[in-house]
Amino acid sequence: MMSKRCYYEVLGVARSANNDELKKSFRRLAMKCHPDRCPDDPAAQDKFKEAKEAYEILSDQRKRSMYDQHGHAAFEHGGGNGTGGFNGDVGDIFGDIFSDIFGGMGGGRARARRGSDLRYLIELDLEEAVFGIERQIEVPTLVECGSCGGSGSQGGKTSTCATCHGHGRVRMQNGIFSIQQACPHCAGTGKVIANPCRECSGEGRVHDERTLSVKIPAGVDSGDRIRLTGQGEAGPGGTAPGDLYVEVRVREHAIFQRDGDDLHCEIPIRFGQAALGADLKVPTLDGEAHITMPPETQTGKLFRLRGKGVKSVRSGRTGDLLCRIVIETPIRLTTEQRDLLHQFDATFSGEGAAAHSPRNTSWLDGVKRFWDRVTA
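Analysis parameters
Every residue gets a number counted from 1 within its own chain, in the order that chain's sequence is written. Where local features are concerned, this predicted model is filtered to residues with pLDDT of at least 70; where side-chain atom pairs are given and counted, the filter is 80 or more; whole-chain, interface and lining totals use all residues. The side-chain numbers reported here are obtained from all heavy atoms of the structure, hydrogens and water having been left aside. Only runs of H or I of at least four residues qualify as helices and only runs of E of at least two qualify as strands under DSSP, and these elements are numbered from the N terminus. Residue burial is assigned from relative accessible area. The probe radius is 1.4 Å, only protein chains are included, and a residue is buried under 20% of its type maximum, exposed over 50%, and partly exposed in between. Contacts: residue pairs with any heavy atoms within 4.5 Å of one another. What makes two strands pair is DSSP finding at least two bridges between them. Here a salt bridge means any side-chain nitrogen of Lys or Arg lying within 4 Å of a carboxyl oxygen belonging to Asp or Glu. In summary, the pairing rule links any two rings of Phe, Tyr or Trp, Trp by its six-membered ring, whose centres are within 6.5 Å, and it sorts them by plane angle into stacked for under 30 degrees, edge-to-face for over 60 and tilted for everything else. A positively charged side chain is recorded as over a ring if its NZ (Lys) or CZ (Arg) lies within 6 Å of the ring centre. The angle to the ring normal must also be within 35 degrees. Convention adopted: a line fitted to C-alpha atoms gives each axis, helices being fitted over their contacting stretch, and angles between N-to-C directions are expressed from 0 to 180 degrees. Criterion for a disulfide: a pair of cysteine sulfur atoms within 2.5 Å. Put simply, a nonpolar core is a bunch of buried Ala, Val, Leu, Ile, Met, Phe, Trp, Tyr and Cys residues held in one set by side-chain atoms that sit within 4.5 Å of each other. Identification of polar contacts relies on pairs of N or O atoms within 3.5 Å, with a donor-acceptor requirement for protein atoms, meaning one able to donate a hydrogen and the other able to accept it, and with residues adjacent in sequence counted only if both atoms are side-chain atoms. Roughly parallel here means an angle under 35 degrees, roughly antiparallel means over 145, roughly perpendicular means 65 to 115, and every remaining angle is called oblique. By the convention adopted, Pro, Cys, Tyr, Trp, Phe, Met, Ile, Leu, Val and Ala count as nonpolar, Lys, Arg, Asp and Glu as charged, and the other residues, Gly among them, as polar.

### Focus: the overall build of the chain
Argument step 1. A tally of helices and strands in the chain yields nine helices and 15 strands.
Argument step 2. Evaluated residue by residue, the chain yields a buried proportion of 33% over its 376 residues.
Argument step 3. The contacts in the chain between residues at least 6 apart in sequence include a share of 62% that link residues at least 24 apart.

Here it is as structure tokens:
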């Protein structure tokens, strides 16, 4: 009797392969060697059985550990219940394979019908997003018909579907494959309505506007979604409703810009304050804060106020507030102010003027090097 090949060799993966790599490799082999695709090739069928057995062992963590320690001997004489039947992952893979072959016809398993999911866009101010809020929203949707209770039938009477004989599924032949799919006549319910409801015309649902209360957690940001299970469209014929996804959009703020959990703002100051230093009051989302600005502060200087940003809705970490200094040029000067500025500016003439302009010398040097390259 020929000895079994190593399961890792059969699937063509390394011993360190994760479950996704195992699944991808087995799916490739199954697509190539499945008996329904190679009915006249016994060798291909043997390869398929070998690959199926290897994947069933290696995709189960307990069985894989036993195999790594003892090899094939771990499953001889029925030890470890190693073979004999697909596990859930193998079934999922075959569903993918049949979906590929038939262009998404269902792979023999009829999906349960349910109502459609809905999307609702809610706009919030920055303060509402940061601290959280409860908001009433009105959602136009399909709701369960009150006259028939969602059944679609007047008086609740239904009869067995003549197409599928109450099974909800019908068998279809596609070449060598025989698959099942939801019955097109009763949509998989196995029942047909004898006397359709006049209110909903047998649909089991009607158009209406639903008012819901949505609790927005603190710390949400634009693009975040809140899922309200079962608050989407009612399902046809009394089936399960879909879900409602409330998507958040945060409006621009007059003072703050948000960057993740951090907030940014600009603080305009006079150049006299920048030169001499000043104590500044800074707005935050929960009150005022104070910054001591040292003398000779330049435009663009950042001051970080720790813990004054946004508390993350996921990690619970609170960000910072970063304040950027912007020195403003004064406008609407009086005659006296102009005279004073002329006198002040005159003090910067002479050889020592460069000492008062920290960036001027480096900037002039850069300009000189640039012109030297251009004229060279």
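### A look at the pairing of strand β9 (residues 244–250)
Argument step 1. Burial analysis of β9 places five of its seven residues in the buried class, the great majority of the element.
Argument step 2. Sheet topology places strand β1 (residues 118–124) next to β9; seven bridges connect them, and they run parallel. Note on β9: the bridge partner recorded for Leu118 is Leu244.
Argument step 3. Where strand β8 (residues 225–228) meets β9, four bridges bridge the pair, whose relative direction is antiparallel. Note that in β9 the partner of Leu228 across the bridge is Leu244.

### Topic: the pattern of salt bridges
Argument step 1. In this structure the tally under the stated criterion is 20 salt bridges.
Argument step 2. The salt bridge partner of Arg5 is Glu9, with a shortest N-O separation of 3.6 Å.
Argument step 3. Using a relative accessible area of 37% as the deciding quantity, one classes Arg5 as partly exposed.
Argument step 4. One salt bridge connects Glu123 with Arg249, and the closest N-O pair in it is separated by 3.7 Å. Taken as a pair, Glu123 in strand β1 and Arg249 in strand β9 lie far apart in primary sequence, 126 residues in all.
Argument step 5. Taken together, the shared-partner salt bridges connect Arg114, Asp117, Arg227 and Asp243 into one network.

### Some thoughts on the packing of aromatic side chains
Argument step 1. Per the counting criterion, the structure on display carries four aromatic pairs.
Argument step 2. Cluster of aromatic residues (ring-pair linked, three or more members): Tyr7, Tyr8 and Tyr67.
Argument step 3. Positioned over the ring face of Phe303 is Lys301, at 5.8 Å from the centre of the ring.

### Side note on the sheet that holds strand β14 (residues 302–305)
Argument step 1. On the basis of which strands lie adjacent, the open sheet formed by four strands has the order β10-β11-β15-β14 and mixed pairing. Bordering the open sheet on either side are β10 (257–259) and β14, each of which pairs with just one other strand. Each neighbouring strand pair of the sheet contributes to a mean axis angle of 30 degrees, computed without reference to strand direction.

### So, the state of the cysteines
When the sulfur atoms of two cysteines share a covalent bond, that bond is a disulfide.
Argument step 1. Scanning the model with the defined rule gives zero disulfides in all.
Argument step 2. In this structure Cys323 is not part of a disulfide, and its nearest cysteine sulfur, from Cys265, lies 3.8 Å away.

### A word on the nonpolar core
Argument step 1. Counting residues in hydrophobic clusters, the biggest one holds 37 residues, and the most contacted among them are Ile267 and Cys323.
Argument step 2. Every residue in contact with Cys323, bar those within four places of it in the chain, is listed here: Cys265, Ile267, Val282, Ile291, Lys301, Leu302, Phe303 and Leu305.
Argument step 3. Counting 22 residues, the second largest nonpolar core, distinct from the first, contains Tyr7, Leu11, Leu22 and Leu58.

### Notes on the sheet that holds β8
Argument step 1. An order of β1-β9-β8 is seen for the three strands of this open sheet, with the pairing classed as mixed. What marks the edges here is a single partner per strand, and that holds for β1 and β8. Across the sheet, the mean angle from the axis of one strand to that of its neighbour is 25 degrees, orientation sign disregarded.

### Examining unusual backbone geometry
Argument step 1. Non-glycine residue Ser201 carries a positive phi angle of around 60 degrees.
Argument step 2. Position of Ser201 relative to the elements: it lies in the loop between β6 (191–193) and β7 (205–216).
Argument step 3. Of the residues examined, Ser201 reaches a relative accessible area of 64% and is grouped as exposed.
Argument step 4. Residues other than glycine seldom take positive phi values, yet Glu296 does so here, at roughly 65 degrees.
Argument step 5. With respect to the helices and strands, Glu296 occurs in the loop between β13 (287–293) and β14.
Argument step 6. With relative accessibility at 64%, the residue Glu296 sits in the exposed group.

### Observations concerning the environment of Ser213
Argument step 1. With respect to the helices and strands, Ser213 occurs in strand β7.
Argument step 2. In contact with Ser213, other than residues within four places in its own chain, are Glu134, Arg135 and Gln136.
Argument step 3. At 2.7 Å, the side chain of Ser213 forms a polar contact with the side chain of Glu134.
Argument step 4. Of the polar contacts made by the side chain of Ser213, one reaches the side chain of Gln136; its length is 3.4 Å.

### Points about the packing of helix α3 (residues 42–58) against helix α4 (residues 61–70)
Argument step 1. As a packed pair, α3 and α4 sit with axes 6 Å apart at the nearest point and diverge in direction by 105 degrees. Classified by the interaxial angle, the pair formed by α3 and α4 is roughly perpendicular. Residues Glu56, Ile57 and Leu58 of α3 pack against Lys63, Arg64 and Tyr67 of α4.
Argument step 2. Residue composition of the contact of α3 with α4, grouped by class: three nonpolar, no polar and three charged.

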